[in-house]
Every structure is written in structure tokens, then in C-alpha cells.
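The residues making up each chain are set out below.
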Protein chains: 2
Amino acid sequence: MIKDLKLKTAEIEKISHLEYFNIAISVDCVIFSYKDKALHVLLIKSDLEEYSGLYSLLGDLVRPDEDLDSAPYRVLKQRTGMDDVYLEQVHTFGSIDRHVSGRVITTAYYSLIDIKHQKLKLDQNELHWHPVKEIKKLAFDHKIILDTCLQRLREQVMEFPIAFNLLPPKFSLRELQELYEAILGVKLDRRNFRKKIALKGWLQDLNVMENDVPHRPGKLYILKPAFKKRKAAKRSIQRNRSLVIE
Amino acid sequence: MIKDLKLKTAEIEKISHLEYFNIAISVDCVIFSYKDKALHVLLIKSDLEEYSGLYSLLGDLVRPDEDLDSAPYRVLKQRTGMDDVYLEQVHTFGSIDRHVSGRVITTAYYSLIDIKHQKLKLDQNELHWHPVKEIKKLAFDHKIILDTCLQRLREQVMEFPIAFNLLPPKFSLRELQELYEAILGVKLDRRNFRKKIALKGWLQDLNVMENDVPHRPGKLYILKPAFKKRKAAKRSIQRNRSLVIE
DNA sequence: ATATCAATGTGTATTTTGTACATATTTATT
DNA sequence: AATAAATATGTACAAAATACACATTGATAT
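Calculation notes
Residues numbered from 1 in each chain as written. Chains lettered and ligands numbered in written order. Predicted model: local features only at pLDDT ≥ 70, side-chain atom pairs only at ≥ 80, totals over all residues. Heavy atoms only, no water. Helix = DSSP H or I, 4+ residues; strand = E, 2+ residues; numbered from the N terminus. Contact = heavy atoms within 4.5 Å. Areas by Shrake-Rupley, 256 points an atom, 1.4 Å probe, with all protein chains shown as cover. Near = heavy atom within 4 Å. Polar contact = N/O pair within 3.5 Å; in protein donor to acceptor, adjacent residues only side chain to side chain. Salt bridge = Lys/Arg side-chain N within 4 Å of Asp/Glu carboxyl O. Buried < 20%, exposed > 50% of the residue type's maximum accessible area, 1.4 Å probe, protein only. Nonpolar A, V, L, I, M, F, W, Y, C, P; charged D, E, K, R; others polar. Pairing = 2+ DSSP bridges. Axes fitted to C-alpha atoms, helices over the stretch in contact; angles between N-to-C directions. Parallel < 35°, antiparallel > 145°, perpendicular 65-115°, else oblique. Left-handed = near helix turned anticlockwise from the far one by under 90°. Patch = residues over 30% accessible without salt bridge, like charges linked within 9 Å, V, L, I, M, F, W, Y side chains within 5 Å. Lys, Arg positive; Asp, Glu negative; His and termini not counted. Charge placed at Lys NZ, Arg CZ, Asp CG, Glu CD. Core = buried A, V, L, I, M, F, W, Y, C linked by side-chain atoms within 4.5 Å. Phe/Tyr/Trp six-rings, centres within 6.5 Å; stacked < 30°, edge-to-face > 60°. pLDDT = per-residue confidence, 0-100.

Moving on, we get to the overall build of chain A. Helix and strand counts for chain A stand at six helices and ten strands. Expressed as a percentage of contacts within chain A between residues at least 6 apart in sequence, the contacts between residues at least 24 apart total 65%. Surface accessibility of chain A: about 12000 Å² in total, with carbon and sulfur atoms responsible for 51%.

Among the 17 residues in the neighbourhood of DNA strand D, the closest are listed as R174(A), R190(A), R216(A), K195(B) and R216(B). For DNA strand D, the backbone makes up 33% of the atoms found within 4 Å of the protein, where backbone means sugar plus phosphate. In this structure, K219(A) approaches DNA strand D through a main-chain N or O atom, which is 3.1 Å from a phosphate oxygen. Within the contact set of DNA strand D, a base oxygen lies 2.7 Å away from a side-chain nitrogen or oxygen of K195(B). Examining the composition of the surface near DNA strand D, we find that four residues originate from one element, helix α6 (residues 190–200) of chain A, more than from any other.

Before going further, it helps to examine the pattern of salt bridges. All names here are of chain A. Tallied over the full model, the rule gives 24 salt bridges over all chains. Of the charged contacts, one joins K143 and D147 as a salt bridge, the two residues approaching to 3.1 Å between their closest N and O atoms. A residue pair is termed a helical-turn pair when its members lie 3 or 4 positions apart in one helix, as K143 and D147 do in helix α4 (residues 142–157) at four residues. Take K143: its relative accessible area is 23%, and that puts it in the partly exposed class. Residue D147 is classed as partly exposed on the basis of its relative accessible area of 36%. Across the salt bridge formed by R174 and E210, the nearest N and O atoms sit 2.5 Å from each other. Of this pair, R174 sits in helix α5 (residues 173–184) while E210 sits in the loop between β9 (203–209) and β10 (219–223), and the two are 36 residues apart along the sequence. Looking at R174, the relative accessible area reads 28%, which means it is partly exposed. On the basis of relative accessible area, E210 is assigned to the buried category, the value being 8%. Each member of the salt-bridge network shares a partner with another, and the members are D28, R98 and D141.

Okay, the protein's contact with DNA strand C next. Neighbouring DNA strand C are 16 residues, the closest being K195(A), R216(A), R174(B), R190(B) and R216(B). The share of sugar and phosphate among atoms of DNA strand C within 4 Å of the protein is 34%. One of the side-chain nitrogen or oxygen atoms of D189(A) is found 3.3 Å away from a base nitrogen of DNA strand C. R174(B) has a polar side-chain atom sitting 2.7 Å from a phosphate oxygen of DNA strand C. Only α6 of chain A together with α6 (190–200) of chain B provide two or more residues apiece to the surface near DNA strand C. Looking at side-chain class alone, the surface near DNA strand C contains one nonpolar, four polar and eleven charged residues.

Bringing the sheet that holds strand β8 (residues 171–172) of chain A into the picture now. Residue and element names in this part refer to chain A. Strands sit in the order β8-β10-β9 across an open sheet of three strands; the sheet is antiparallel. Two strands lie at the open edges of the sheet, namely β8 and β9, each paired on one side alone. Strand direction decides the pairing type here: β9 and β10, joined by four bridges, are antiparallel. In the sheet register, L203 faces β10, and the bridge partner there is L223.

On to the sheet that holds strand β8 (residues 171–172) of chain B, then. Taken in spatial order, the three strands make up an open sheet running β8-β10-β9 (chain B), and their pairing is antiparallel. The sheet is open, and its two edges are formed by β8 and β9 (203–209) of chain B, each paired on a single side.

Residues and elements named next belong to chain B. Within strand β10 (residues 219–223), four of the five residues are buried, which leaves it mostly tucked inside the rest of the structure. Sheet analysis places β8 next to β10, joined by two bridges and oriented antiparallel. Residue pairing for β10: F171 is matched across the bridge by Y221.

A few words now on the packing of α4(A) against α5(A). In a pair of packed helices, the angle between the axes and the distance between the axes together describe the arrangement. All names here are of chain A. Two elements in contact, α4 and α5, have axes whose closest approach is 9 Å; the angle formed by their N-to-C orientations is 140°. Classified by the interaxial angle, the pair formed by α4 and α5 is oblique. In this structure, α4 meets α5 at a crossing whose hand is left-handed. The residues of α5 that touch α4, namely those facing L150, L153, R154 and V157, are Y180, I183 and L184. Classifying every residue of the contact of α4 with α5 by side-chain character gives six nonpolar, no polar and one charged.

What follows is about a positive patch on the surface. Together, R190(A), R191(A), R194(A) and K195(A) make up a region of like positive charge exposed at the surface. Taking the relative accessible area as the measure of exposure, R191(A) reaches 66% and is therefore exposed.

Turning our eyes to something else, we now look at the nonpolar core. I31(A), V62(A), I113(A), I31(B), V62(B) and I113(B) are the most contacted members of the largest nonpolar core, which has 48 residues in total. Membership of the second largest hydrophobic core comes to 41 residues, among which are A108(B), V132(B), L153(B) and L176(B).

With that settled, the discussion passes to the packing of aromatic side chains. All names here are of chain A. One pass over the full model with this rule turns up twelve aromatic pairs over all chains. Where Y86 meets Y110, the ring centres are 6.1 Å apart and the plane angle is 45°; that geometry is what we call tilted. Of this pair, Y86 sits in strand β5 (residues 86–93) while Y110 sits in strand β6 (residues 104–112), placing them 24 residues apart in sequence. A single burial state applies to Y86 and to Y110, both of which are buried. When the centroid spacing of 5.8 Å and the interplanar angle of 90° are considered together, the rings of F164 and W202 count as edge-to-face.

What follows deals with the confidence of the model for chain A. Residue and element names in this part refer to chain A. When pLDDT is averaged along chain A, the result is 86; 84% of the residues meet or exceed 70. Across residues 1–18, where pLDDT falls below 50, the model places 36 contacts with residues more than four positions away in sequence or in other chains. Below pLDDT 50 for its whole length, residues 231–246 participates in 41 contacts with residues either more than four positions away or in separate chains.

So, in C-alpha cells, the structure goes:
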């Protein structure tokens, strides 16, 4: 292995196996959801003394027998019970001292999930949704990871039909616009927003009205099936060696 | 460490240290340059039997005592002698079987360098520039890494003042346009290109003419100093333990 | 010196996209 | 029946992207 990576023999001798396999690799998931007209992220209370009272993202070490891109699916499945989620790799963070207890390089993914989804069960209530806007500080470098993922989400949300992963299948244009406003952190003009979305051609008019609003109901829409693929990180077959915690 | 990542004690016992530290992490550099009016990439002949005759990207294992983002700088410095390069992290590739000799997860960076730079000395002539367009196959998953990095470069080149890293300090608008055409793989309209570049405000007119062309010379420009920062991956201080190969 | 060649340098009309903005309509509620 | 609150919709204007042609300059060849 070391040979493959073009070190010379003399150097190889000097380097113990452990020295190069001394770095752990993890994934961290920035799991976004949308409720109460605000973007939320799923956090867990850090159990490290160094970070007592702080929250952190959901992550886990990557297993030697799973693809990197499979690891965040596993984390999500374990923690939320959901397995049909939108996931996208964003960036890999690897400062020497980013983790207090050792050298861990982490690949960050963001995920978009519909909080009303049936399967969603928050693992032992250890997990809580936090409004993204109110998060000032997280354990490790997780605030930077969160900010990086939020920025990426903002870059992509107007270009690709991904925001719909945060909504139930049927939604009104008002709900959709409020979602976009929550993600982007800006107010949008209703007419211009509708024009833009119409131009994308992502939506299918159901010719059905909302029935749960205390005012004039709006039309309901769905994302056209053609756009329903959950692209991004591929979900390859996992070959777990019975390490799954459930 | 394992505790921090939220495995439970029962599980920890089952997992040997080596099992989790069994994954190596590397960086691979897609080093772009520009010559003969074509985008080139720096490759090395693979010395693995499995890939005999194929070329591969320049990479190395990340050392336990260097930041992830520092590793590609080290690789570039060692291989080309250059240390003031533009580098940007693109994506991390981690399929189980992407590397024939073991589990290696790799973070890909692309780099832009001026091939006419004085310091550039290709390590023992093992390295060669290949026109990107002509590359059909590479060792490992390096063709996919190359494609991913090229795509990212194309996305960024109109938005940020980075293409200039591929040119000598002084250049004509013709050279700049030819460079953009090489990167993007399309012909551009001269007047529209100039208008667009002018609008960006990146360039400073030197009021000096080319003198090495067999036709009417054009004006020479430089990138305004304010835009000369090599952003992207930060170059943190390395704390190497005398492992540098030179 | 003159003619030719090849590239530089420049502007306008058109289309497309983004932005600002107001009123009539529908339904639930009182 | 009146009111309140949201839906639904179009147009004028500005900004950005695109398509397109000709006069000028300097090097070169005769």
C-alpha cells in the first residue's frame, strides 16, 4: 500500500504501520428539517467534558467495510429510522487538532428530511431539533461544518429540485415559498417566486385545495415524479459485519 | 475516541483498535497547467502491475501530524518545487474497492500552476503533462477524480479570478480568452468575452504591448493585486516529524 | 514602398432574465 | 352581510447575455 503511494523503500522502513493508520475517518451529518417556518438541524448533546453543555452533529467512524458515502446513510438510518433520504457530500475537514481525543478527519454531508415522515423516530430522545438561526456554538468544529453545509444548501436550492425533500409530498406554493425564505434567510416576492418556480417546471398541479388552513385555501402541488430521484451520494450496498447498533 | 463518537461500551469491546484505524487517508492532486493552447494535467506512470501502462494522479498518504489541507501543498512542493500555488478541495472518494492494495479514502484537490514558473522542476522526470482532452483512462478511480475536478474548475472559472494562476503575470486578452476556451471547451465571442471580463474589474491595463507575436501586438494586462490571494485551502503550519522526502 | 495578411479593438440591437410593484378574488370568520 | 386574510395574477422597467461586422494596426513578403 505504501509503495503504491510512491514513497521510497528507505522511507517505508522508517514508518511504522500504525503511524500511517493512526488517523481515523468519520462522517458528520448536518440533518436539516423544516418546522415552525424555520430551518432546523438535528443535534445531540456532547458527552465530552471538554464540550459539556454543547451540542454536536451526528457522526460516526467510517467502517472498514463500508463505502464512505454509505456511512452517512447508516448514521441516518440508525438515528432516525429513515433510509430514503437526500444526502450530499459537502467538504472534508482535517485539521490536526479538530477533535480533542485524537486525529479524526471527517467528511461532512448534509441531509434533507421531512420531519413529518412516518418512519422518523428520534433515537432514544437523545436527539433534538434546533433552529439553525439560533445556533451560536457547537462542539468541535461543528459550527463551521454547519455553516459550510448551510452555504452549500443555499447555493443549490434554487438550481436543483431538492428543497422538496423537506416538505410533505403535497404542499401549497405558500408553504414552498416560506420554506425557501427559511433556507435563504430572505423575504421573497410572491409573484416573482411563483414565476421562477413555474419556469423550472418542477411542479405538478394536483387541482386539489388545502383544507387545513384558517383562510382561503391554496392549490396543492407535488414534485413531478421525474425529479424525485435523491441524487448526490450514491447508496451502495453495505457489507456490514454485524456492527450495527439497533 | 470511540466513546466520543457515540458507540456504546459493549460495542467498543468488540472492535479492535486496528479495525477502525484500518483505513488510510490520502490526498490526490489534479494539477492543471496550460500550454500549447490546451489544458494539461500532471500525471505519473503507475507502478502497480494492475495498472501497468496507465497513469495516475499525484498523491500521498496524509501524515498524522499534518492538516489534511496541508498535504496537497506538501505533495506539490515535493513534486514540482512550487509552494505558492492555488489549491482547492473538491471531493472525497471512499469506495471500499477504489484502491487495489487496501482501504484508502482520498480527498481530491485541484491546483492551478503556471507552467512557465521558474521554480517548476518536474521530479526526476517521472512526471509528465498530458492534455486533459486526450486522457481516456487512468489508474484507480483517477479518471473520475479528474472529471470531477475539471467540472468544478469550469464552475468556478467565470465566477472567481482563478484562471490567472495558469498564466504568466502579464498576458494579453487573446491569451486569456484562449485559456478560457481551453478550460471550458467552447469557443467564445471576442467582444462578449472582453465585455464580461471588463465588468468583473479583475484586470489592470499595463499600457504595454506584447512584443513576441508575429502580428499586431495586443495590450498586456495583469491581475489586480487585490485579487491575487490564493484563497481556498488554507496552508497551515506543518509540524512534520522529519518524514519529508527531498 | 507598397500590398497583403492576420490579428486587435470596438458598439449596437435583440433577447432573456431579474426585479419592483397593486388589485381583484376567494374563503373563513364574526 | 360585513370583514379579515390569504390566494392568484400581469406589466413595466432594469440588467445581463447574446448575436453580430468593420475599421485599424503592425509584421511580413514582394
